[in-house]
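Inside the fold
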Amino acid sequence: MGNTMNGINYKLHKDVTPHPTQQSKYDPLYGFPDGRKEKEMIASEEEMYSAKIPLDKRDYCAHVLLNYLKCRKEQWPWVYKCHHEKHDYLHCEYNEYIDRMKDYERERRLMVRDKRLGRLAASG
């Protein structure tokens, strides 16, 4: 199977599939009459650097990861005592994944709508 953004779906339907590395061409507030809550980084760059968090983990859940790593350091070698912090981190990562997939699906549906209405230029 695999990721549809890099797999067969993108190759067959380029005109209605958002590219994962390109910025959205639609207004991020379109479809949200009351607006959207903007995501903000809670952990600072200095905190993440001093905690030696890898670049691929420096996302919107980094502040929860910092709490988990702090607990692991304090509870070593009994790291099982940090299962609540680990659960919080994994839950945050899951919610972030869901948000990304919802944004992807929103973008895809807007592209399909534009194609149906004849507003999307054919690309090949």
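It should be emphasised that the depicted structure is a prediction, and the values quoted were computed from it without experimental measurement. (Residues numbered from 1 in each chain as written. Predicted model: local features only at pLDDT ≥ 70, side-chain atom pairs only at ≥ 80, totals over all residues. Heavy atoms only, no water.)

**Quick notes on the overall build of the protein**
Secondary structure summary: the protein contains 4 helices and 0 strands in total. Counting from the amino terminus, helix and strand elements in the protein follow one another as α-α-α-α. Counting the 124 residues in the protein, one finds 23% classified as buried. Summarising the internal contacts of the protein: among those between residues at least 6 apart in sequence, 52% fall at separations of at least 24. For the protein, the accessible surface area stands at approximately 10000 Å², while carbon and sulfur atoms represent 54% of it. (Helix = DSSP H or I, 4+ residues; strand = E, 2+ residues; numbered from the N terminus. Buried < 20%, exposed > 50% of the residue type's maximum accessible area, 1.4 Å probe, protein only. Contact = heavy atoms within 4.5 Å. Areas by Shrake-Rupley, 256 points an atom, 1.4 Å probe, with all protein chains shown as cover.)

**Side note on the state of the cysteines**
One pass over the structure, following the stated rule, counts 2 disulfides. Each sulfur of the disulfide joining Cys61 and Cys92 lies 2.1 Å from the other. The chirality of the disulfide connecting Cys61 with Cys92 is left-handed, given an S-S dihedral of about -90 degrees. Taken together, the residues span a long stretch of sequence, with Cys61 in the loop between α2 (45-50) and α3 (62-75) and Cys92 in helix α4 (residues 83-116) at a distance of 31 residues. The class for Cys61 is buried, based on a relative accessible area of 0%. The disulfide that involves Cys71 links it to Cys82, with 2.0 Å between the sulfurs. One disulfide, between Cys71 and Cys82, carries an S-S torsion of -90 degrees and so falls in the left-handed class. Remark: Cys82 occurs in the loop between α3 and α4 and Cys71 occurs in helix α3; sequence separation between them is 11 residues. Each of the two residues, Cys71 as well as Cys82, counts as buried. For the protein, numbering the cysteines in disulfides from first to last along the sequence yields the connectivity 1-4, 2-3. (Disulfide = S-S within 2.5 Å.)

**Here we look at unusual backbone geometry**
Of note, the bond from Trp76 into Pro77 is cis; its omega dihedral lies within 30 degrees of zero at 0 degrees. One can find Pro77 in the loop between α3 and α4. Within the chain, Lys52 stands out as a residue other than glycine whose phi angle is a positive 60 degrees. Note that Lys52 resides in the loop between α2 and α3.

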